[in-house]
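Secondary and tertiary structure notes
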Amino acid sequence: MHRKNDTSVTSWFSRRDFLKTSMAAGIGAAGILDRVTGGVKSAAFAGENTAPEKPDVTFGIIPLTDCAAIVVAHEKGYFRKYGLQSTVSKEASWANIRDKVALGALDGAHMLAGMPIASTLGIGTVPKATVTAFSMDLNGNGITVSNALYERMQQADPAAMQERPLTARALKKVIDADKLAGRPPMTFAMVFPVSTHNYEIRYWMAAAGIDPDRDVQLIVIPPPQMVANLESKNIDGYCVGEPWNARAVTAGIGHTLITSYEIWNNSPEKVFGVNREWAEKYPKTHQAAIMALIEAAQWMDRPENREEVVRLISRPAYVNAPEAVVRMSMTGTFRYAAGEAPRPLPDFNVFYRYAATFPWRSHAVWFLTQMIRWGQIDQPLDIRQTAASVYRPDLYRDAARALGVAAPSVDDKTEGSHDAPWSLTGVGAPIAMGPDRFFDGRVFDPNRPIDYLAGFDIGKTSVSLAALAEINNHRAA
């Protein structure tokens, strides 16, 4: 695409071998989507034999606070309750997670919300059909910059730096000044090309007129290495999940500018992902895992349990960070700078409230629009079909029904139209939902993704919107 013209909430709370193996299979993205369209067969947990087909399971995590659902389900015995003997494997990078799930070295994993889509389409990897039937959390990220850059932004536009949510207008002035002075572009990091972090920092920058592909350099750094790279001045800022923003603030080397909650209230963050073929082969195992994760999420979102969550996930086997650092965001507060008092941010981590565990297909559609906007998808595709092949609310409902808990009866919802708590009705008992506002005021209608894409001034789309509209039976605006 070319250039064109706090709501408070009362309750808070080795890779080469992989490529050779996959290429040998000779399966392209289109072939995978053809196979996936039929979907994973639903399996009711009730019946004569409810025992998981594969009781011994290994689930992967990255050391971030939002791995909590898997850790809690393991440590508190929820996996065991549903017949699973679980092992939790801490992995070094998101590429490790993706590749080990693809190869079957992990039965399932903590994944970036866009990763099952990217794996299915073969974005940055060989295509491997992947599904998710469980969302692990909402929110949880932040954009942090070095002290030096923060001071330059303060000097460039003091008024803009007082706003909340904070825009990137002051950063745009610093970038423009650097261009005039002939300085090289600043470097920012995110955790993976198909991560929410990549799309969030791009969305935030582009809303202020910054082209993230021309005006700055964006690189990938694993979450635990962000702070060290900021301290050594290899990067000027980053977008990452907790506790790695709080770690930089606590160490006195950075300022957090904005959280993902402020960019998009109650945005999806991580999911539990598995191979499609694994889900088909072990439907009872898959459902048992989802049931355990739902119960773990319910337990975690009770305020009285958050301190125990902090103690569990802080351990060296998991996040490996001081409890004081992990506690900040997990208990409903957030500190943006070392010299400031913590501010209330009750929904920084949401694990169950607001239908947080439900895999909304509209979320998948939004991620697909961002993959198209930033040139990661270079061929026209059926957006809704692709979303439906990966995000599986039907499987979630099976697990919720077996547990006797409420679940949305619709697969999609509009995003950006609520700036206060609201109720999802027409689903049996109403479900309390949180705000879903985008900081720039945009509204996302999952039934009109081409119009949404056409509304952005900055991007590097390499797919014709007309061709997309034709495939999606939709006229581009």
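Calculation criteria
Residue indices follow the written sequence of each chain, beginning from 1 at its first position. Given that this is a predicted model, residues contribute local features only at a pLDDT of at least 70 and side-chain atom pairs are listed and counted only at 80 or more, while totals for whole chains, interfaces and linings are drawn from all residues. To obtain the side-chain values, all non-hydrogen atoms of the structure were included, while hydrogens and water were left out. Runs of H or I in DSSP of at least four residues are treated as helices and runs of E of at least two as strands, each being numbered from the N terminus. Any residue under 20% of the maximum accessible area for its type is buried, any over 50% is exposed, and the rest in between are partly exposed; the area is computed with a 1.4 Å probe on protein chains only. Here, Shrake-Rupley sampling with a 1.4 Å probe gives the accessible areas, and only protein chains in the shown set may cover a residue. Residues count as neighbours in contact if any of their non-hydrogen atoms are within 4.5 Å of one another. Fitted lines through C-alpha atoms serve as axes, helices being fitted only where they are in contact, and the angles separating the N-to-C directions of these axes extend from 0 to 180 degrees. Convention used here: angles under 35 degrees read as roughly parallel, angles over 145 as roughly antiparallel, angles from 65 to 115 as roughly perpendicular, and any remaining angle as oblique. Each residue is assigned to one class: nonpolar for Ala, Val, Leu, Ile, Met, Phe, Trp, Tyr, Cys and Pro, charged for Asp, Glu, Lys and Arg, and polar for all the others, Gly among them. Here the aromatic set is Phe, Tyr and Trp, taking the six-membered ring for Trp, and pairing holds for ring centres within 6.5 Å; pairs whose planes are under 30 degrees apart are stacked, those over 60 apart are edge-to-face, and all others are tilted. In this scheme, the term charge over a ring applies when either NZ of a lysine or CZ of an arginine sits within 6 Å of the ring centre and within 35 degrees of the ring normal. Strand pairing requires that DSSP identify at least two bridges connecting the strands. Side-chain atoms within 4.5 Å are what join buried Ala, Val, Leu, Ile, Met, Phe, Trp, Tyr and Cys residues into a set we call a nonpolar core. This arc corresponds to the set of directions leading from the helix axis out to the C-beta atoms. Between Lys or Arg on one side and Asp or Glu on the other, a salt bridge is scored when a side-chain nitrogen of the former is within 4 Å of a carboxyl oxygen of the latter. Confidence scores labelled pLDDT are given residue by residue by the predictor and lie between 0 and 100. Distance and chemistry together define a polar contact, namely a pair of N or O atoms within 3.5 Å, with one atom able to donate a hydrogen and the other to accept it when in protein, and with adjacent residues in sequence counting only for side-chain atoms on both sides. It is the rotation of the near helix from the far one that decides the hand of a crossing: anticlockwise by less than a right angle makes it left-handed, clockwise makes it right-handed.

Counting its secondary structure elements, the protein chain contains 21 helices and 14 strands. Looking at the protein chain residue by residue over its 477 residues, the buried ones come to 59%. Only carbon and sulfur atoms are counted for the fraction: they give 50% of the accessible area of the protein chain, which is about 17,700 Å².

Right, let's talk about the environment of V174 for a bit. Counting through the fold element by element, V174 comes out in helix α8 (residues 169–181). When the C-alpha positions of V174 and M186 are compared, they lie 9.9 Å apart, and in sequence the two are twelve residues distant. Setting aside its immediate chain neighbours within four residues, V174 contacts L149, R152, M153, A156 and M186.

Let's shift gears to the packing of helix α3 (residues 68–75) against helix α14 (residues 283–300). Their axes nearest at 8 Å, the elements α3 and α14 cross at an angle of 100°. Regarding the angle of α3 to α14, the classification is roughly perpendicular. Across the interface between the two elements, A68, A69, I70, V72 and A73 from α3 touch A292, L293, A296, W299 and M300 from α14. Among the residues making up the contact of α3 with α14, the classes are represented as ten nonpolar, no polar and no charged.

What follows deals with the packing of aromatic side chains. Applying the stated criterion across every chain yields a total of 17 aromatic pairs. The interplanar angle of 75° and the centroid separation of 5.1 Å between the aromatic rings of F334 and Y336 together place this pair among those described as edge-to-face. Its relative accessible area of 4% is what places Y336 among the buried residues. Of the aromatic side chains, those joined through ring pairs into one cluster are Y199, Y203, W264, W366, F367, F438, F439, F444, Y452 and F456. Against the face of Y336 rests R164, its NZ or CZ located 4.3 Å from the ring centre. When the ring centre of F456 is taken as origin, the NZ or CZ atom of R373, which lies over that ring, is 3.8 Å away.

A sheet is described by the order of its strands in space; here five strands give the open sequence β2-β1-β3-β10-β4, paired in mixed fashion. Strands with a single pairing partner mark the edges of an open sheet, and in this sheet they are β2 (85–90) and β4 (130–135). Recorded for the sheet is a direction-independent mean angle of 30° between the axes of neighbouring strands. Sheet topology places strand β1 (residues 56–61) next to β2; six bridges connect them, and they run parallel. Bridged to T58 within β2 is T87. Contacting β1, β3 (108–112) and β10 (270–275), helix α5 (residues 94–103) crosses the sheet at an angle of about 140° to β3.

Before going further, it helps to spend a moment on the nonpolar core. By size, the foremost hydrophobic cluster in this structure holds 87 residues, and its most contacted members are L171, F188 and W204. Dropping the residues within four chain positions of it, F188 is found in contact with V145, L149, L171, I201, M205, V216, Q217, L218, I219, D236, G237 and Y238. In terms of nonpolar packing, the next biggest core, distinct from the first, is built from 57 residues, F79, F272, W299 and V326 among them.

Those residues of helix α7 (residues 147–156) not exposed but buried are L149, Y150 and M153. Axial view of α7: buried residues confined to an arc of 105°, hence all on one face. Among the exposed residues of α7, those oriented more than 90 degrees off its buried face are A148 and Q155. The inward-facing, buried residues of α7 contact β5 (141–146), α8, β6 (187–190) and β9 (254–259).

Per the stated rule, a full pass over the model turns up 34 salt bridges. Between K172 and D176 there is a salt bridge, with the nearest N and O atoms lying 2.9 Å from each other. Placement of the pair is K172 and D176 together in helix α8, with a separation of four residues, close to one helical turn. Each of D301, R306, D347 and R353 takes part in a single network of salt bridges with overlapping partners.

Attention shifts here to unusual backbone geometry. R164 connects to P165 through a cis peptide bond whose omega is 5°. Along the polypeptide, P165 turns up in the loop between α7 and α8. In this structure, the amide linkage connecting E242 to the following residue, P243, adopts the cis form with an omega of 15°. One non-glycine residue with positive phi stands out, namely A355, at about 55°. By the secondary structure assignment, A355 is in the loop between β12 (343–344) and α17 (361–373). Since its relative accessible area comes to 11%, A355 is described here as buried.

The next thing to look at is the confidence of the model for the protein chain. For the protein chain, per-residue confidence averages 90 on the pLDDT scale, and residues scoring 70 or more make up 88% of the total. Taken together, the stretch residues 1–48 has pLDDT below 50 and engages in 110 contacts with residues farther than four places along the chain or on a different chain.

With that out of the way, let us pick up the side chain of S267. Examined against the element boundaries, S267 turns out to sit in the loop between α12 (260–263) and β10. Note on S267: relative accessible area 1%, which makes it buried. Among the polar contacts listed, one links the side chain of S267 to the backbone oxygen of W264, at a separation of 3.3 Å. Leaving out residues up to four positions away in the same chain, S267 has contacts with D137, L138, N139, E200 and S260.

Where helix α9 (residues 196–206) contacts α17, the two axes come as close as 11 Å, and the packing angle between them is 65°. For the element pair α9 / α17, the angle class is roughly perpendicular. In terms of crossing hand, the pair formed by α9 and α17 is left-handed. The residues of α17 that touch α9, namely those facing T196, Y199, Y203 and A206, are W366, F367, Q370, M371 and R373. Looking at the contact of α9 with α17, its residues break down into six nonpolar, two polar and one charged.

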